[in-house]
Amino acid sequence: MLSILQIPLRVFTTICFVMGALLVNNSVLPDKVGAVNGLNMAFSGLVRGIAPVSMGSLYAWSVDYGTEHIGFPFDYHLTFYFLALTFWLALCQAVRVPQHMNHMKLK
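Thresholds, definitions, all that
Residues numbered from 1 in each chain as written. Predicted model: local features only at pLDDT ≥ 70, side-chain atom pairs only at ≥ 80, totals over all residues. Heavy atoms only, no water. Helix = DSSP H or I, 4+ residues; strand = E, 2+ residues; numbered from the N terminus. Buried < 20%, exposed > 50% of the residue type's maximum accessible area, 1.4 Å probe, protein only. Contact = heavy atoms within 4.5 Å. Areas by Shrake-Rupley, 256 points an atom, 1.4 Å probe, with all protein chains shown as cover. Lys, Arg positive; Asp, Glu negative; His and termini not counted. Charge placed at Lys NZ, Arg CZ, Asp CG, Glu CD. 1 Å grid on protein atoms, 1.4 Å probe; cavity = no way out; pocket = protein on both sides within 12 Å on 5 of 7 lines; lining within 4 Å. Points joined across faces, edges and corners; volume = space filled by probe spheres on them. Nonpolar A, V, L, I, M, F, W, Y, C, P; charged D, E, K, R; others polar. Disulfide = S-S within 2.5 Å. Phe/Tyr/Trp six-rings, centres within 6.5 Å; stacked < 30°, edge-to-face > 60°.

## Describing the overall build of the protein chain
- Helix and strand counts for the protein chain stand at three helices and zero strands.
- Scanning the protein chain from its N terminus toward the C terminus, one meets helices and strands in the order α-α-α.
- Expressed as a percentage of its 107 residues, the buried residues of the protein chain come to 11%.
- The contacts of the protein chain with a sequence gap of at least 6 include a subset with a gap of at least 24, amounting to 43%.
- Surface summary for the protein chain: the accessible area is close to 8600 Å², and the carbon and sulfur share equals 74%.
- Charged side chains in the protein chain number 6 positive and 4 negative. The centres of these two groups are separated by 28 Å.

Here it is as structure tokens:
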């Protein structure tokens, strides 16, 4: 059952990665695409390294300290609120993408 649920996740992740690469490629002139893709991959790797450590630490703090001393919403829900906030910020940015990003930028 779990492997069946992984299929849509993998497909959606691949589609998001490709769409992000297309947006990056369409945002710059063709002679700068390589440099911008390099920066994109560098920052993507940086965030993929920082996110698990920071969210894991936040979750550990919220379970250990937040649950006992502060309570809701600083208990174990806190990490999920941060993830939801990140999702909504990304969605707001995605809705505001200009139409000219649908085509390759020309000189």
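Having seen the model, we can carry on.
## Notes on the layout of surface pockets
- Of the voids in this model, the largest pocket is the one considered here, and its volume is about 1300 Å³.
- As for the largest pocket, its lining consists of 32 residues, of which Phe12, Cys16, Phe17, Thr86 and Ala90 are closest to the centre.
- Of all the secondary-structure elements, those providing two or more residues to the lining of the largest pocket are helix H1 (2-27), helix H2 (33-70) and helix H3 (78-95).
- The greatest single-element share of the lining of the largest pocket, amounting to twelve residues, is contributed by H1.
- The residue makeup of the lining of the largest pocket, split by class, is 22 nonpolar, nine polar and one charged.

## Concerning the state of the cysteines
- The final tally for this structure, using the stated rule, is zero disulfides.
- Counting only cysteine sulfurs, cysteine 16 is the nearest neighbor of cysteine 92, a cysteine outside any disulfide, at a range of 16 Å.
- Since its relative accessible area comes to 45%, cysteine 92 is described here as partly exposed.

## Considering the packing of aromatic side chains
- Per the stated rule, a full pass over the model turns up two aromatic pairs.
- Between the aromatic rings of phenylalanine 87 and tryptophan 88, the centroid separation amounts to 5.2 Å while the plane-to-plane angle is 75°, which identifies the pairing as edge-to-face.
- Residue classification places phenylalanine 87 among the partly exposed positions, given a relative accessible area of 48%.

## Observations regarding the side chain of threonine 79
- Checked against the element boundaries, threonine 79 lands in helix H3.
- In this view, threonine 79 contacts Met55, Leu58, Tyr59 and Ser62; residues no more than four positions away in its chain are not counted.

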